[in-house]
Amino acid sequence: MIPQPRWGYWRILSQCEIVNFATLRRHLGRPRADALVMDVAARIAELLPDVRILTAGRALIEIGFEREAPEAGAADIERLRKALACPFNLDGESYHLQVQFGVAVAPSEDCDDVRLAEAAESALEQARSEKRVVMVDLSREDLAFDRLTLMRELPRAIAQGEMFLQYQPKVHVRRQEIASAEALVRWQHPQRGLILPGDFISVAEEAGEIGALTMWTLRQVIADQKRLAAEGHDLTLFLNISGMLLADAEFVKEACAIVSISGAKLGFEITETAVIRDPDSAIQHLQTFADIGVQLAIDDYGAGLSSLAYLKRLPANELKIDKMFIMQLTSSNRDPLIVRSTIDLAHALEMEVTAEGVETPSALALLSVMGCDMVQGFLLSRPLGFDAFRKYLADEAHLASSANVQSFIRPESFWKRA
């Protein structure tokens, strides 16, 4: 059984890359080289049996685990580095692997999965250039953001094009195809670098800028959806709507006007807590969106105080099970029961179900058996910039005719280009 994050502990995520993979492939041949990552994973599992291992490409492995302190995680990574420096016996011949580690750490009670993953990627980039293990501690004060400064800078950022979108696809399990995608807003700050939603969405709400940010997002998603449709990918694109805006009649009126004129296939994701704040107004406005053809998804279901009284009244097409249940699906006794009953409930209410946070093949297989309609998570795709998302859709090796959900998993070379 894989241990899960415990309160008070630290989450460690490492990206481990075989730097000399191209050279090894020339000596070993492509078939044997493609299996090399499994040899590395086996050696890691032998040394640290409690870690979670995901092969993210032919030369890239992600390693996740928890420890009492960052220093303990650093010590384990150093043990791995030394172990992987020892020669590998491959078909009777000895080979040396050159391996680099990028590591991100954060307290388990205050950890955003996307931010942790992107910090590990950034650390690996730095490790490549500096030829050493690089660890990023997301709890450090010098990495924290000054909320007051962000409040002042946010209007300028929206006006001057510092915001951009990434898309994370949702794959339909039975149809074996990409069904839709979720738009995720990012802030590329000229001095601070990439700022993720967890650091600025609440700031936008406090500063009264969430309406302007959402309108920018809505217009950009419409433009992107039309461009994708013109290229033969007529997918529904979803964007998140803040609970503050569901009670704002002016926002609803303006958004409906923009959507109606556009003719784009759009969906809005809303959380349960957004509805509970002002249920009568929220449900009325959601019905207004549904009446003009906007698909509605209930996001993060189960993370808050789930209320069947509100659920049965919502004009939603889709229910998204919160990733906290999915990430522990194969290592918990209760989570599978909760997920299965939620899927049955949603189907009884004529809603499709999406599982967020799918990161392992075993979780994907179990969700398929349970009758889950769609899956979303790092196993299938990370959030992608628009051009990378277009490449993802256009890649001939991953068309629906492949008839294999596993085919949506991309090789390491794709993620480097993305």
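Per an unreviewed UniProt entry, the recorded name for the protein is EAL domain-containing protein, and the organism is Sphingomonas psychrotolerans.

Turning next to the overall build of the protein. Of the regular secondary structure elements, the protein holds 18 helices and 17 strands. Within the protein, the fraction of its 418 residues that count as buried is 51%. Residue pairs at least 24 apart in sequence account for 68% of intrachain contacts in the protein once pairs closer than 6 positions are excluded. As displayed, the protein offers around 18900 Å² of accessible surface, 52% of which is attributable to carbon and sulfur atoms.

What follows deals with helix α10 (residues 249-262). The end-to-end C-alpha separation of α10 is 20 Å, in line with the 20 Å expected for 14 residues at 1.5 Å each. Here α10 has its buried residues at F251, V252, A255, C256, I258, V259 and S262. Relative to the axis of α10, the buried residues are bounded by an arc of 165° and lie together on one face. Opposite its buried face, α10 presents the exposed residues E250, K253 and I261, each directed more than 90 degrees away. Buried residues belonging to α10 abut α8 (210-230), α9 (243-246), β12 (266-271) and α12 (279-291). The backbone nitrogen of E250 lies 3.0 Å from a side-chain oxygen of the residue at the head of α10, namely D248. Backbone geometry just after α10 places G263 at a positive phi near 70°.

Bringing the sheet that holds strand β6 (residues 99-107) into the picture now. Taken in spatial order, the five strands make up an open sheet running β2-β3-β1-β6-β7, and their pairing is mixed. Taken across any chain shown, the strands that pair with only one partner, and hence form the sheet edges, are β2 (52-55) and β7 (134-137). Ignoring which end each strand starts from, the neighbouring axes of this sheet average 15° apart. As paired elements, β2 and strand β3 (residues 60-67) share four bridges and run antiparallel to each other. Looking at the pairing, R52 lines up with G64 of β3.

With that settled, consider the environment of S362. Summarising the element assignment, S362 is placed in helix α16 (residues 361-370). Separated by 32 residues in sequence, S362 and T330 have C-alpha atoms that sit 7.1 Å apart. At a separation of 3.2 Å, a polar atom in the side chain of S362 contacts the side chain of T360.

What follows concerns the nonpolar core. M163, L218 and F289 are the most contacted members of the largest nonpolar core, which has 80 residues in total. Per element, the largest residue contribution to this core is eight residues, and it comes from α8. The residues contacting L218, other than those within four sequence positions of it, are L239, A255, I258, V259, L266 and F268. Listed in part, the 30 residues of the second largest apolar core include I18, V40, I63 and I77.

What the rule picks out here adds up to 28 salt bridges. For R30, the salt bridge goes to D34, with nearest N and O atoms at 3.8 Å. Placement of the pair is R30 and D34 together in helix α2 (residues 30-34), with a separation of four residues, close to one helical turn. A salt bridge links D280 to R313, with the shortest nitrogen-to-oxygen separation between them at 3.5 Å. Residue D280 is located in helix α12, and its partner R313 is located in the loop between α13 (308-311) and β14 (318-321); the two are separated by 33 residues in the primary sequence. On the basis of relative accessible area, R313 is assigned to the partly exposed category, the value being 40%. In the salt-bridge network here, residues are joined through shared partners; they are K170, E182, E269, E318, K320 and E356.

Turning our eyes to something else, we now look at the packing of aromatic side chains. Scanning the model with the defined rule gives four aromatic pairs in all. Seen in terms of ring centroids, Y167 and F389 are 5.5 Å apart; in terms of plane orientation they differ by 20°. Their pairing is stacked. You can see Y167 sitting in strand β8 (residues 163-172) and its partner F389 sitting in helix α17 (residues 386-394), a full 222 residues away along the chain. Assigned by exposure class, Y167 and F389 land together as buried. Put simply, the rings of Y167, F386 and F389 touch in pairs and so form one group of aromatic residues. A cation over a ring is seen here: R43 above F88, with NZ or CZ 3.6 Å from the ring centre. The ring of F238 carries the charged tip of K170 above its face, separated from the ring centre by 3.8 Å.

Rules and cut-offs
- Residues numbered from 1 in each chain as written.
- Predicted model: local features only at pLDDT ≥ 70, side-chain atom pairs only at ≥ 80, totals over all residues.
- Heavy atoms only, no water.
- Helix = DSSP H or I, 4+ residues; strand = E, 2+ residues; numbered from the N terminus.
- Buried < 20%, exposed > 50% of the residue type's maximum accessible area, 1.4 Å probe, protein only.
- Contact = heavy atoms within 4.5 Å.
- Areas by Shrake-Rupley, 256 points an atom, 1.4 Å probe, with all protein chains shown as cover.
- Expected span 1.5 Å × (residues − 1).
- Arc of directions from axis to C-beta.
- Polar contact = N/O pair within 3.5 Å; in protein donor to acceptor, adjacent residues only side chain to side chain.
- Pairing = 2+ DSSP bridges.
- Axes fitted to C-alpha atoms, helices over the stretch in contact; angles between N-to-C directions.
- Core = buried A, V, L, I, M, F, W, Y, C linked by side-chain atoms within 4.5 Å.
- Salt bridge = Lys/Arg side-chain N within 4 Å of Asp/Glu carboxyl O.
- Phe/Tyr/Trp six-rings, centres within 6.5 Å; stacked < 30°, edge-to-face > 60°.
- Lys NZ or Arg CZ within 6 Å of the ring centre and 35° of its normal.

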